[in-house]
Amino acid sequence: MKFDTIIIGGGLAGLLAGIRLLENGKKVAIVSAGQSALHFCSGSFELLGRLGGKFVERPFEAIDSLPAAHPLKKMGRERAEEYTRQFIDLMKRAGIELHGDPERNSWRLSPVGLIKPSWLTLPDHLTFTNPHTLPFGSAAIINVYGYIDFYPQFIAAGLSKRGVKSVISTYDTPGIAHLRKSSTEMRSSTIARVLNDEDLEEIADQLNEKSRDCEVILTPAVFGLYSEEPLRQLRDLCDRPLWMVPTIPANVPGVRTQLMLRERFQRLGGEYLLGDTALRGDFRNGRLKRIYTYNLGEMPLEADTFVMASGSFFSNGIRANMEKIYEPVLGLDVSLHGGRTQWYDKDFYAPQPYEKCGVTTDDALHPSLLGKPVENIYAVGSLLAEADSLSEMSGAGVTMVTSLHAASEILGNN
């Protein structure tokens, strides 16, 4: 099978690049092993939240202070601003609305009641501009009866530090009674499937009754697996503002985002090979000509250009054994070498070298193989070296900027 571009990885990076290419008339296929890191997205997209141990207020300005090898620094502030505008528009065309000020970070509640910076956020979740003062003085924290991946006491403790009084309660609905027979069934995505067909008026009556003396309602993000419509309806039925709080993964807002982006990709004519794994590739004259996958066996997938969006250790885009760290599909060069003791710091709380491990590229994001850039491959997202997405809170930022840059490069070179 022949395509203009083949993308390895079906998460946020792969879908953004694929949709952008399809919108410009390209024939695109995505090879996706299955569940992506988007399923762990809490509903907020970080651009750059922390640098040098300090929280960042204006992420575009902070890009100038990054090391030269950092992917965002390679792209530069001007291109980062352009690609984030493209990201917002692309998400909107997929039916995904985001709120917040693109020029500055806001703040949100974490699943355990901490206040964390974010960039743009799905409408499900509460955000605020001041991390020290919240826009309400009392909250009703109402869990689903029997749901164990939500921690009202932690959230109440976090709110209390900022002067907010909380009331903790639960609500119930007949449709989820059978789920409580097994703790493995009482998960956010399973509950969301059931609540999609439940009587929202009955749920709203319980939320209104239990929040009578409070200013806002906070409840776990278990509504709207397939669209935001159930949450919109529930909000209209509630007497006071209703906000979702992220849960322990998998997260319903992240799963919904994945499904909506995939639907957009396929509606545009993209080929989404779900449940398949890229195994190896054939190179000719320094260019990748085709790849082979587990499901297709000896039937190759050929393309003019390729995008590696396979992720880092979390999604097996980078692997490690006792002897080495390596990129498993094409054998691309990685940034971290030496023995295992050089991959980590014995101080558990210190920055860990492996967190910045990834595929090495030139400034155009062409990865190298045996020291030479491969000009018809682009490496994007968390696969890239030199970005510590956990400590920098930059995972989505690196992903959106680099994947849209790769798409722009492919379109500009054809």
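The coordinates are above.
Now for a look at the structure at hand. Everything quoted here is computed from the prediction, not taken from an experiment.

**What about the nonpolar core?**
Across soluble globular proteins, you tend to see nonpolar side chains buried next to one another.
Thought 1: Ranked by size, the top nonpolar core spans 81 residues in total, and within it F45, F87, L261 and I291 carry the most contacts.
Thought 2: Those residues within four positions of I291 in sequence are excluded, and the remaining contacts are I6, I8, V31, A278, R280, G281, P300, L301 and F306.

**Quick word on the sheet that holds strand 12 (residues 216–220)**
Thought 1: One open sheet holds the four strands; their spatial order is 11-10-12-13, and the pairing between them is parallel. In the strand order of this sheet, the two ends are held by strand 11 (165–171) and strand 13 (242–245), each with one partner. Ignoring strand direction, the axes of neighbouring strands in this sheet form an average angle of 30°.
Thought 2: The pairing of strand 10 (residues 138–144) with strand 12 spans three bridges and is classified as parallel.

**Describing empty space enclosed by the protein**
Thought 1: Taken as a whole, this structure holds one cavity of 30 Å³ or more when the rule is applied.
Thought 2: In this structure, the largest cavity is lined by R108, L109, H125, L126, M244, V245 and P246.
Thought 3: Looking at the lining of the largest cavity, the elements that each hand over two or more residues are strand 6 (106–109) and strand 13.
Thought 4: Looking at side-chain class alone, the lining of the largest cavity contains five nonpolar, one polar and one charged residues.

**Some details on the sheet that holds strand 7 (residues 115–118)**
Thought 1: Judged by pairing direction, the sheet is antiparallel, and its three strands sit side by side in the order 7-6-9 without closing on themselves. Where the open sheet ends on each side, the last strands, each with one partner, are strand 7 and strand 9 (127–128).

**Regarding the side chain of T402**
Thought 1: Checked against the element boundaries, T402 lands in helix 10 (residues 395–412).
Thought 2: A polar contact is formed between the side chain of T402 and the backbone nitrogen of G381, at a distance of 3.0 Å.
Thought 3: Ignoring any residue separated from it by four or fewer positions in sequence, one finds T402 in contact with P71, L365, V380, G381 and L384.

**Considerations on the packing of aromatic side chains**
Thought 1: Here the structure, examined in full by the defined rule, presents eight aromatic pairs.
Thought 2: Relative to W107, the ring of F55 lies with its centre 5.2 Å away and its plane at 85°, an arrangement referred to as edge-to-face. With F55 in strand 5 (residues 54–55) and W107 in strand 6, this pair connects stretches of sequence that are 52 residues apart.
Thought 3: By relative accessible area, which is 44% here, F55 ends up partly exposed.
Thought 4: You can call W107 buried: its relative accessible area is 12%.
Thought 5: Ring geometry for Y151 and F154: centres 5.8 Å apart, planes at 35°, overall tilted.
Thought 6: On the basis of relative accessibility, which here comes to 30%, the residue Y151 falls in the partly exposed class.
Thought 7: F154 sits in the partly exposed class, given a relative accessible area of 49%.
Thought 8: Ring pairing ties together the aromatic residues F45, F87 and W119, which thus form one cluster.
Thought 9: The ring of F3 has K27 lying over it, and the distance from NZ or CZ to the ring centre is 5.2 Å.
Thought 10: Geometry around Y326 places K324 over its ring, the cationic atom sitting 5.2 Å from the centre.

Criteria and cut-off values
Residues numbered from 1 in each chain as written. Predicted model: local features only at pLDDT ≥ 70, side-chain atom pairs only at ≥ 80, totals over all residues. Heavy atoms only, no water. Core = buried A, V, L, I, M, F, W, Y, C linked by side-chain atoms within 4.5 Å. Buried < 20%, exposed > 50% of the residue type's maximum accessible area, 1.4 Å probe, protein only. Contact = heavy atoms within 4.5 Å. Pairing = 2+ DSSP bridges. Helix = DSSP H or I, 4+ residues; strand = E, 2+ residues; numbered from the N terminus. Axes fitted to C-alpha atoms, helices over the stretch in contact; angles between N-to-C directions. 1 Å grid on protein atoms, 1.4 Å probe; cavity = no way out; pocket = protein on both sides within 12 Å on 5 of 7 lines; lining within 4 Å. Points joined across faces, edges and corners; volume = space filled by probe spheres on them. Nonpolar A, V, L, I, M, F, W, Y, C, P; charged D, E, K, R; others polar. Polar contact = N/O pair within 3.5 Å; in protein donor to acceptor, adjacent residues only side chain to side chain. Phe/Tyr/Trp six-rings, centres within 6.5 Å; stacked < 30°, edge-to-face > 60°. Lys NZ or Arg CZ within 6 Å of the ring centre and 35° of its normal.

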